[in-house]
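# Architecture at a glance
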Amino acid sequence: MKVAVVGATGLVGGEMLKVLAERNFPVTELLPVASEKSVGQQIEFRGVKYKVVSMDTALAARPDVAIFSAGGSISKEQAPRFAEAGTVVIDNSSAWRMDPTKKLVVPEINAKELTPKDKIIANPNCSTIQMVLALHTLHEAFRIKRIVVSTYQSVTGTGKKAVDQLLEERAGQVASNPAYPHPIDLNVLPHIDVFEDNGYTKEEMKMVKETKKILGDDSIQVTATAVRIPVMGGHSEAINVEFEKEYELADVYRILRATAGVEVVDDVAHNRYPMPKDAHGKDAVLVGRLRRDESQPRTLNMWVVADNLRKGAATNAVQIAEHMIQLGLLKV
């Protein structure tokens, strides 16, 4: 297949290339796309060097699939051009996620909803993906009434500029080109994306809206607090979930252990619980610290960790393309 990776020189784009190679995706021709200033640069894929090309060059090549990770404004402008040319676009930005005409897909949950008409498919927000993957089978069993989630998000979710800020500050320097309005090293910022009129950030509201759309249930109540922490790779979430039905903790463990893409890491007697450093480089969503909320009935506490560049972005996007092949929506 002819595959374009738009934003190939960014953190997520680099991870996309790595995941495509690791999963042996059937790439016969690669089109790495980046901004005009990056055109002509070389990137390596499966031991072969490829020159970065422009958006128009990639479009003229009519790729079978284009995986976008270049920001919302570029996706909004360019994704329809590729779709009109017959390319299936899998977009990692927020541009199309809440568009009622576009599918928002976590393959383990709702890939079956994809049809031949879906030419632009939205990849959910990184924090949403790991949360809904940990919750969807519990929702099927016990019906979720309300979710209270607090996130502890890596600087890699912001991008290279934020990674550079953290490394410079950790080296005792003042950041030369900071990504954040405050220092991030030895600090915590309760501020991810822009603040909206209701006092929540855009990141927090993404989690609210996307959860309902992916799970197909507008009755689920969600409230979120999204926080940036000085960690390199791996988002963590403290999730408090209230169910409509009563549950047994043993059933929760059984259900989660049988959930595709989830790994239960919960042995507190031996200090085993999910941590970002253990999630780094993995595709699994790690779930642990499972315990009943003793302050109210039918409520569960859990701690969920995942590599935000992999299952939170690149792996999920590639899995969408894989499922489209399996469903006969993409021809190899």
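Residues numbered from 1 in each chain as written. Predicted model: local features only at pLDDT ≥ 70, side-chain atom pairs only at ≥ 80, totals over all residues. Heavy atoms only, no water.

Under an unreviewed UniProt entry, the name given to the chain is Aspartate-semialdehyde dehydrogenase, and the source organism is Hymenobacter elongatus. One UniProt comment on the chain, placed under Function (unreviewed entry), says "Catalyzes the NADPH-dependent formation of L-aspartate-semialdehyde (L-ASA) by the reductive dephosphorylation of L-aspartyl-4-phosphate." Annotation of the chain in UniProt includes, under Sequence similarities (unreviewed entry), the sentence "Belongs to the aspartate-semialdehyde dehydrogenase family." (UniProt positions renumbered as here; feature names shortened; annotations may be inferred.)

### What about unusual backbone geometry?
The phi dihedral of Arg46 falls on the positive side, at around 50°, and the residue is not glycine. Tracing the sequence through the fold places Arg46 in the loop between strand E3 (42-45) and strand E4 (48-51). You will see that Asn271, though not glycine, has its phi angle at about 55°, which is positive. Here Asn271 lies in the loop between strand E12 (262-264) and helix H9 (276-279). Judged by relative accessible area, which is 55%, Asn271 ranks as exposed. (Helix = DSSP H or I, 4+ residues; strand = E, 2+ residues; numbered from the N terminus. Buried < 20%, exposed > 50% of the residue type's maximum accessible area, 1.4 Å probe, protein only.)

### Structural notes on the UniProt feature "active site" (unreviewed entry) in the chain
Annotation from UniProt places "active site" (unreviewed entry) at Cys126 and His235. Annotated residues spanning 110 residues; largest pairwise C-alpha distance 8.3 Å, indicating a single compact cluster. For the largest pocket, the lining residues drawn from the annotated set are Cys126. Every residue in contact with Cys126, bar those within four places of it in the chain, is listed here: Glu203, His235, Asn308 and Gly312. (1 Å grid on protein atoms, 1.4 Å probe; cavity = no way out; pocket = protein on both sides within 12 Å on 5 of 7 lines; lining within 4 Å. Contact = heavy atoms within 4.5 Å.)

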